[in-house]
Structure formats: structure tokens, C-alpha cells
Amino acid sequence: MADLVWKSRVRTGRSTRTLRVRTSAVLVALIALAVLMVPPLAQLDQQAVDLSMKLRPPSWAHPFGTDDVGRDLLLRCVYGLRVSLLVGLVAALVATVIGTAVGAAAGALGGWTDRLVMRAVDTLSSIPHLLLGVFIVAMFRPGVWPVLVSVALTHWLSTARIVRAEVLSLRSRPFVDAAVSGGASRLRVTVRHLVPAVLPQAGLAAVLMIPHAMWHESALSFLGLGLPAHQASLGNLVQTARGSLLAGDWWPTLFPGLLLIVPTLAIAGLAGAWRDRLNPRRRSELTL
């Protein structure tokens, strides 16, 4: 009887994870199609102002409604999502490269280098990301590149910790001892053996960093420190819609907010499946 109950739980857990992964994959595919296909196919200008269509609720002509100057909100949201995804992808890639290099160097060299690097990482981690990002962005004019630099320079710390921990674990493995016994230098062992071994964990950290970077960019734009006000951004759209929300017009705030939440959940679902594949022990524990 106990075996039947355990097998039923295992099947239920597997089916739930499979459904979550498939749903996440479908959502990511739909988001990618929307970002790539909607702007070329739509015969509309996202900046076109039509005051006669001001704050119209969702309809067949405008599925997301219109904003406070009559612009099509669906097109504006798609352009804003495109900017947020661009910032998230590029910033996550740059932050992962920086974090992997720093973490691998600290773990491979050890000694005073490791202590010095990790104390610097701890010091930077004690500063809130948003506050540090505001300081970096404030030194430049509003635009995409200052936001990219801000997000990349504030999000590599967790990756450095993860990579360092993995490198310290791998240093005692037999294949590393064999490489050292064969006369390989510390640099060669790090580049040829340690770094490739930690790339899956670094890649997982990069994927999880994408939605975090999207929210960071939206927060900066909402505060008026990110993209210029006229440029479509999910943060700008939410900031502009605050007055409409107080007047009872819910759609200018709802749809940009959903386009922040849905990609976050979809990417997190795919990243969870990747994490379970990298750590079979954790996956087996989840089925018990």
C-alpha cells in the first residue's frame, strides 16, 4: 500500500513539473513571437497621438486599450517589453561574465586573493542594488546604455559567490589532481577544467538574472532615472498610468504590470527545470 501511495506521489509530482515546464515554454515562445512579430505586422505608430481616442478601454481595435493621449497600449507594451528583455538579456550576460571571472579567480587562487575579493564582494552586497544602480545611472543621461551598465555592474555579485563555491568544491576532485600531477599550471587548470565545469551553474544564474534585471530597469524608469519619458518602457508605462489608475482607468497599469509578471514566472519555471536537471539529488527529494 505504501509503495502505491509513493508511486502515485511520484507520478503526480512528475506530471505537475511537466505541466509547469510546458506552460513556461509556451509563454516564453509567445513572448518572443510578440516581441519579434507584432511591431512589423502592426500598421500603427506607437508614438501616434489621437486625443479623440484618449483612455479608451480594451476593444477589438485596441486589445489593451489606449493611454492618456490616445496611443495604442498593446503596441506600446510590446515595445516596452522589447526594451526590458534587451536590458535583461544583455545585462545578465555581462554580469555573468564578470561574476564568473571574479568567482573563478577567487576560488582558484585562494589565500589572500580569495579573502580580499570576497570581502569586496561582501561590501558591495551590503549596498542595496537599486540604490547603487541609481548612483550609477545618475552620472549619465537617461538612455538604454546607462541602464545596461547599471544593471550589469550591480548583479554580478551573486554569480561570483556561486562560481567561487563551485570552484572550491571542484579543486579537490580527482580530475584536477590528475591535471596538476601531469604538470598543468594553475592558470591552465582553471581555464581548461574549472571554468568549463562551472558554466552550467553560471548559465542558470544568468537565466534567473534576466527577470531580476527587467524589474531593475523598470524600477529605474519608474523613478524617472531610466529611459526617457517618451520612449516605451514598462516602467515608464506604469509611471505614466498612475494618474489614470486613480481616475478608475485600470488598463494602462494592468497590462504593463502583467508583462512584467508573466515573463518572470515563465523564466522561473524553465530555470527550475534546468536546476532540477543539474541537481538530480534535489529532483529525487522533491518526489518523495
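Bear in mind the structure is a predicted one, so any value in this text is a computation, not a measurement.

Across its full length, the protein chain holds twelve helices and zero strands. Along the protein chain, from the amino end to the carboxyl end, the secondary structure elements read α-α-α-α-α-α-α-α-α-α-α-α. Considering the protein chain as a whole, with its 288 residues, one finds that 39% of them fall into the buried category. Once local pairs closer than 6 in sequence are excluded, the contacts in the protein chain between residues at least 24 apart make up 72%. For the protein chain, the exposed area adds up to about 15800 Å²; of that, 68% sits on carbon and sulfur atoms.

With that out of the way, let us pick up the nonpolar core. Core analysis: the largest hydrophobic core is formed by 25 residues, its most contacted members being C77 and L81. Within the residue set of this core, elements represented by two or more residues are α1 (2-41), α2 (73-109), α3 (111-125), α6 (157-170), α8 (186-222), α9 (234-240) and α11 (251-278). Excluding residues that lie within four positions of it along the chain, L81 makes contacts with I31, V35, M214, L234, L259 and P263. With twelve residues, the next largest nonpolar core counts A91, V137, V147 and A213 among its residues.

In contact at an axis separation of 7 Å, α2 and α6 are set at 35 degrees when each is read in the N-to-C sense. Here α2 runs over α6; the crossing is right-handed. Here T96, G99, T100, V102, G103, A104, A106, G107 and A108 of α2 lie close against α6, whose contacting residues are T159, A160, V163, R164, V167 and L168.

So, about the packing of aromatic side chains. Under the criterion given, the structure shown has three aromatic pairs. Their ring planes at 5 degrees and their centres at 4.2 Å tell us that F64 and F255 sit as a pair that is stacked. Of this pair, F64 sits in the loop between α1 and α2 while F255 sits in helix α11, placing them 191 residues apart in sequence. F255 carries the same exposure label as F64, and that label is buried. Taken together, F64, W250, W251 and F255 form an aromatic cluster joined through their ring pairs.

All right, on to the packing of α2 against α3 then. Where α2 meets α3, the closest approach of the two axes is 7 Å, and the angle between their N-to-C directions is 145 degrees. Crossing of α2 over α3 shows left-handed handedness. Contacts between α2 and α3 pair V102, A106 and L109 from the former with G111, T113, D114, V117 and M118 from the latter. Residues of the contact of α2 with α3, tallied by class, amount to five nonpolar, two polar and one charged.

With that settled, the discussion passes to the pattern of salt bridges. If you walk through the whole model with that rule in mind, you get four salt bridges. A salt bridge links R164 to D114; its shortest N-O distance comes to 2.6 Å. Placement of R164 in helix α6 and of D114 in helix α3 is noted, with a sequence separation of 50 residues between them. Linked through salt bridges whose partners overlap, the residues forming this network are R119, D122 and R161.

Here the focus is a nonpolar patch on the surface. A surface patch of nonpolar side chains, about 660 Å² in accessible area, is lined by W215, L245, W250, L254, L258, I261 and L265. Structurally, L254 can be placed in helix α11. Look at L254 and you get partly exposed, because its relative accessible area is 37%.

The first and last C-alpha atoms of α3 sit 21 Å apart over 15 residues, in line with the 21 Å expected at 1.5 Å per residue. Within α3, the full set of buried residues consists of T113, D114, M118 and V121. Down the axis of α3, the buried set is contained in an arc of 115 degrees. They therefore lie on one face. Among the exposed residues of α3, those oriented more than 90 degrees off its buried face are W112, R115 and L116. Its buried side turned inward, α3 meets α2 and α6.

With that out of the way, let us pick up the confidence of the model for the protein chain. Averaged over every residue, the pLDDT of the protein chain is 79; residues scoring 70 or more account for 86%. No element of the protein chain has a lower mean pLDDT than helix α12 (residues 280-286), which averages 44, and none a higher one than α2, which averages 88. Contacts from residues 2-8, a stretch scored under 50 in pLDDT, to residues over four places away or in other chains number two contacts. Below a pLDDT of 50 lies the segment residues 282-288, which in the model reaches eleven contacts outside its immediate sequence neighbourhood of four places, other chains included.

Rules of the game
- Residues numbered from 1 in each chain as written.
- Predicted model: local features only at pLDDT ≥ 70, side-chain atom pairs only at ≥ 80, totals over all residues.
- Heavy atoms only, no water.
- Helix = DSSP H or I, 4+ residues; strand = E, 2+ residues; numbered from the N terminus.
- Buried < 20%, exposed > 50% of the residue type's maximum accessible area, 1.4 Å probe, protein only.
- Contact = heavy atoms within 4.5 Å.
- Areas by Shrake-Rupley, 256 points an atom, 1.4 Å probe, with all protein chains shown as cover.
- Core = buried A, V, L, I, M, F, W, Y, C linked by side-chain atoms within 4.5 Å.
- Axes fitted to C-alpha atoms, helices over the stretch in contact; angles between N-to-C directions.
- Left-handed = near helix turned anticlockwise from the far one by under 90°.
- Phe/Tyr/Trp six-rings, centres within 6.5 Å; stacked < 30°, edge-to-face > 60°.
- Nonpolar A, V, L, I, M, F, W, Y, C, P; charged D, E, K, R; others polar.
- Salt bridge = Lys/Arg side-chain N within 4 Å of Asp/Glu carboxyl O.
- Patch = residues over 30% accessible without salt bridge, like charges linked within 9 Å, V, L, I, M, F, W, Y side chains within 5 Å.
- Expected span 1.5 Å × (residues − 1).
- Arc of directions from axis to C-beta.
- pLDDT = per-residue confidence, 0-100.

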